[in-house]
Amino acid sequence: MDQDFFTNLPSENIVDILSRLPVRTIVQCKCVCKSWFNLLKSGEFVQSHLSKSSDGLAVFQSERSSDLYKIYEFKDELDLEHHELHYNLITTFNLPYHGQIEGSANGLLFLRDLRRSPNGLYVCNPITREYIELHCPQDFVYSYPQVVTYRFGTSKTTSQYKVVRIFHDCIHDKNTHQMRIPKSECQVYTLGIGSWRRIKLGSPLGYSCRTIGAFLNGNLHWLVYDFESTLVSCFDLETEIFSTFNLPKHDTRSLLGLFALGDFLCLSDNSSDDEIVVWLMQEYGVEKSWTKKFVISRSPNFLGEYYEVVYPIKIFKDGDILMAWEDFFLFYYSVYSDKAKIITNIDMFELRSPGAIDSILHTSSFLSLAKSGQAADSDSEQDELALFIKQFRKFVKGGKSNMKKGSSKPTAGGNLATSSKTAHILNQRNILMKKRQLGLKEKGNRKRRE
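Residues numbered from 1 in each chain as written. Predicted model: local features only at pLDDT ≥ 70, side-chain atom pairs only at ≥ 80, totals over all residues. Heavy atoms only, no water.

### As for helix α4 (residues 43-52)
For α4, the full list of buried residues reads F45, V46, S48, H49 and L50. Buried positions along α4 lie against α1 (11-18), α2 (23-29) and α3 (34-39). (Buried < 20%, exposed > 50% of the residue type's maximum accessible area, 1.4 Å probe, protein only. Helix = DSSP H or I, 4+ residues; strand = E, 2+ residues; numbered from the N terminus. Contact = heavy atoms within 4.5 Å.)

So, in structure tokens, the structure goes:
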């Protein structure tokens, strides 16, 4: 190829070509020359790349000594022999704080540190190695039985990144034995502005802090309850207006999770003792369009009563569905198996301890948080280039981290295959939760007798 080929091309053509390359290749292209470095951090390139980017996976694995974040890209092809081949590791990284993944939108991750009071809130871009901490007022401190939940997304028209915080008191009425919500409020934080705003929340509804909810179509979604039924609360990030709609009929135990699966709103129900039911809203916002899409057998290892939310993450072209058993392990469900529909544990995401792994669908992006007006800008172009070279070395080193690959074949004689260690940890957790429930019940009985 002629050395002057790229030199003579218009910049928009170069942007279009380079934005189609894999993330790791683009990072390497920044080292080619100064003009490419500047071009690849321009807003034109960032938007072009984001519009072409496909979904990947962000994984947070908590260890006793340290926490590790990993970013994968999906290889979605029909002829892959093993499910682990769906994943290419882009990079791994550490952060100077402990933050569970609670949201992803257009290349940015929203993280929350529950160990701090008020909670530490962060937004980071794993590809550019930038992060910002969101200032939390002191009145953000809360305690049980108060409920606080956070969500993260981007508005559909203006593409503003927003963090939404919902807080409410929760009081048990001794006469009616029902819960009341005497106080509730909502705050919104817009990146680039740097402050929290209070907005009207609407009718007092009970929010759950257990799941991260669903970001879809420029809206945030929560499972809520009005003390008679469970609903979906929808928040339009553009208009900042709340609305609600109904769920399909489901088990009264309501061990539910609400998520985005592709272009659909998805409801996952793990209430049954022997199966997991997945519903899809085929037409967004139309309650009658809820359809029972998958019924997944939990036999033989997970029959009985469990307390974890199970949710789907992605459907691959070959029919495999990547799923998560709350924060314990990842597995996949094979729709087009020759013999049976099979659930198989993914050994590459090794379970080390309870609550050790968070995962979320994530699209990689080169958006700079420095341009949001909250991350520190470099003093000069030379400083910025030196910082990139330092970050690039970390990126390449992280991307070469070893990834453990295990067999994806199911164990013989059943539908649910997983390691004995995973089953043991889950069983131990459920025993503790049952004891806790019995203790709370006995405590309530003593109070009523008094």
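### Re the packing of aromatic side chains
All told, the structure shown has 14 aromatic pairs when counted by the stated rule. Ring geometry for F110 against Y150: centres 6.2 Å apart, planes inclined by 50°, an arrangement best described as tilted. In this pair, F110 is assigned in strand β5 (residues 108-113) and Y150 in strand β8 (residues 147-154), connecting sequence segments 40 residues apart. Note on F110: relative accessible area 0%, which makes it buried. (Phe/Tyr/Trp six-rings, centres within 6.5 Å; stacked < 30°, edge-to-face > 60°.)

### What to know about the pairing of β8
Within β8, eight of the eight residues are buried, which leaves it mostly tucked inside the rest of the structure. Residue alternation in β8 divides its side chains into two sets, V147, T149, R151 and G153 and V148, Y150, F152 and T154, and both sets are buried. Both β8 and strand β9 (residues 161-168) contribute to a ladder of eight bridges, which runs antiparallel. Looking across to β9, one finds that V147 is bridged to H168. With antiparallel pairing between neighbouring strands as the criterion, β8 and β9 make up a hairpin whose turn holds six residues, including S159 at a positive phi of roughly 55°. (Pairing = 2+ DSSP bridges.)

### Brief notes about the side chain of S359
Residue placement: S359 occurs in strand β27 (residues 357-362). Residues in contact with S359, not counting those within four places in the same chain, are L57, A58, V59, Y311, I313, A324 and L330.

### Let's talk about the pairing of strand β3 (residues 87-93)
Most of β3 is tucked away, with six of its seven residues classed as buried. Sheet topology note: the strand β2 (residues 67-74)/β3 ladder contains six bridges and is antiparallel. When the sheet's bridge partners are listed, Y69 is paired in β3 with F93.

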